[in-house]
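# Summary of structural features
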Amino acid sequence: QVQLVESGGGLVQSGGSLRLSCAASGSVFTIYAINWYRQRPGKQRELVAAINLNGTTNYEDSVKGRFTISKGNAKNTVVLQMNSLKQEDTAVYYCNALSYGSYDGARDYWGQGTQVTVSS
């Protein structure tokens, strides 16, 4: 089992920055990728950024050049640095971990979500 806890959301003005953190605990050795998703009001959940064990990253087109996903300084954390925020970035942001364990097989885990609100 893996537990994920997000932090760092809040209210920011357009053009500002926020830094989200995802702290993993439990069977972290089974994790091979961490993703950040978001769900905007009235929209489906969408993948925003991803990082794997090798450090390879991927981004949704609308956030390229503005968001950066990286391994955090704290152990077992992944950070999403969000710069030049726009009102359309307003959403609940979720951390998602993909894992594979010899006992459980392939699993994915979700955090509780953190609200990001960008005002004009």
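The preceding data block contains the structure.
In this report, the structure presented in the accompanying data block is examined. Throughout, a residue's number is its position along its own chain's written sequence, starting from 1. Reporting of local features is limited, given that this is a predicted model, to residues whose pLDDT is at least 70; pairs of side-chain atoms are given and counted only at 80 or more, and all residues count toward the totals for whole chains, interfaces and linings. As a rule here, side-chain values come from all non-hydrogen atoms in the structure, and water together with hydrogens is ignored.

### A short note on the overall build of the chain
Numbering of helices and strands runs from the N terminus, with a helix taken as a DSSP run of H or I at least four residues long and a strand as a DSSP run of E at least two residues long. Helix and strand content of the chain: zero helices and eleven strands. Reading the secondary structure of the chain in the N-to-C direction produces β-β-β-β-β-β-β-β-β-β-β. The globule rule used for comparison is 2.2 Å times the number of residues to the exponent 0.38, while the radius of gyration itself is calculated over C-alpha atoms. Its C-alpha atoms give the chain a radius of gyration of 14 Å, within 12% of the compact-globule value 14 Å for 120 residues. Each principal axis of the C-alpha distribution contributes one length, and for the chain these read about 50 × 30 × 25 Å. By the burial criterion, 42% of the 120 residues in the chain qualify as buried. Note on classification: 1.4 Å probe, protein chains only; a residue is buried when its accessible area is under 20% of the maximum for its type, exposed when over 50%, partly exposed between these limits.

### Section: the nonpolar core
One finds L4, W36, F67, L80, M82 and Y93 to be the most contacted residues of the largest nonpolar core, which totals 27 residues. Contributing elements (two or more residues each) for this core: β1 (2-7), β3 (18-26), β4 (31-39), β5 (46-52), β7 (67-71), β8 (77-82), β9 (91-101) and β11 (114-119). We call two residues in contact when some of their heavy atoms are within 4.5 Å. Dropping the residues within four chain positions of it, Y93 is found in contact with E6, L20, W36, Y37, R38, V48, F67, L80, M82, G113, T114 and V116. Think of a nonpolar core as a cluster: buried Ala, Val, Leu, Ile, Met, Phe, Trp, Tyr and Cys residues, connected wherever their side-chain atoms sit within 4.5 Å.

### Quick word on unusual backbone geometry
Despite not being glycine, N76 has its phi angle at roughly 60 degrees, a positive value. For N76, a relative accessible area of 36% gives the class partly exposed. Backbone geometry at S84 places phi at a positive 50 degrees, although glycine is not the residue there.

### Structural notes on the packing of aromatic side chains
Only Phe, Tyr and Trp rings are paired, with Trp represented by its six-membered ring, and only when their centres lie within 6.5 Å; those with planes under 30 degrees apart are stacked, over 60 edge-to-face, the remainder tilted. Tallying each qualifying case throughout the model produces two aromatic pairs. Centre to centre, the rings of Y37 and W110 are 4.9 Å apart; their planes meet at 55 degrees, and the pair counts as tilted. With Y37 in strand β4 and W110 in strand β10 (residues 105-110), this residue pair connects regions lying 73 residues apart in the sequence. With centroids separated by 6.4 Å and ring planes inclined at 80 degrees, the aromatic side chains of Y94 and W110 adopt a geometry described as edge-to-face. Of the two residues, Y94 sits in strand β9 while W110 sits in strand β10, which places them 16 residues apart along the sequence. One residue, R45, lies across the ring of Y94, its end atom 3.8 Å from the ring centre. The criterion is that NZ of a Lys, or CZ of an Arg, lies within 6 Å of the ring centre and within 35 degrees of the ring normal, and then a charge sits over that ring. R45 extends its terminal NZ or CZ atom over the ring of W110, reaching a point 4.7 Å from the ring centre.

### Observations regarding the sheet that holds β8
By definition, two strands form a pair when at least two bridges between them are found by DSSP. Strand order in the open sheet formed by four strands is β1-β3-β8-β7, and the pairing between neighbours is antiparallel. Strands with a single pairing partner mark the edges of an open sheet, and in this sheet they are β1 and β7. Pairwise comparison of adjacent strand axes, ignoring direction, gives a mean angle of 15 degrees for this sheet. Pairing analysis gives five bridges linking β7 to β8, with the strands arranged antiparallel. The residue bridging S70 from the neighbouring strand is V79, located in β8. Axis definition: a line fitted to C-alpha atoms, over the contacting stretch in the case of helices. Angles run 0 to 180 degrees between N-to-C directions.

### A few points about the environment of L11
Along the chain, the position of L11 falls in strand β2 (residues 10-13). When residues no more than four places from it in sequence are discounted, the contact partners of L11 are T117 and S119.

Bear in mind that shape data such as this cannot, by itself, settle questions of function.
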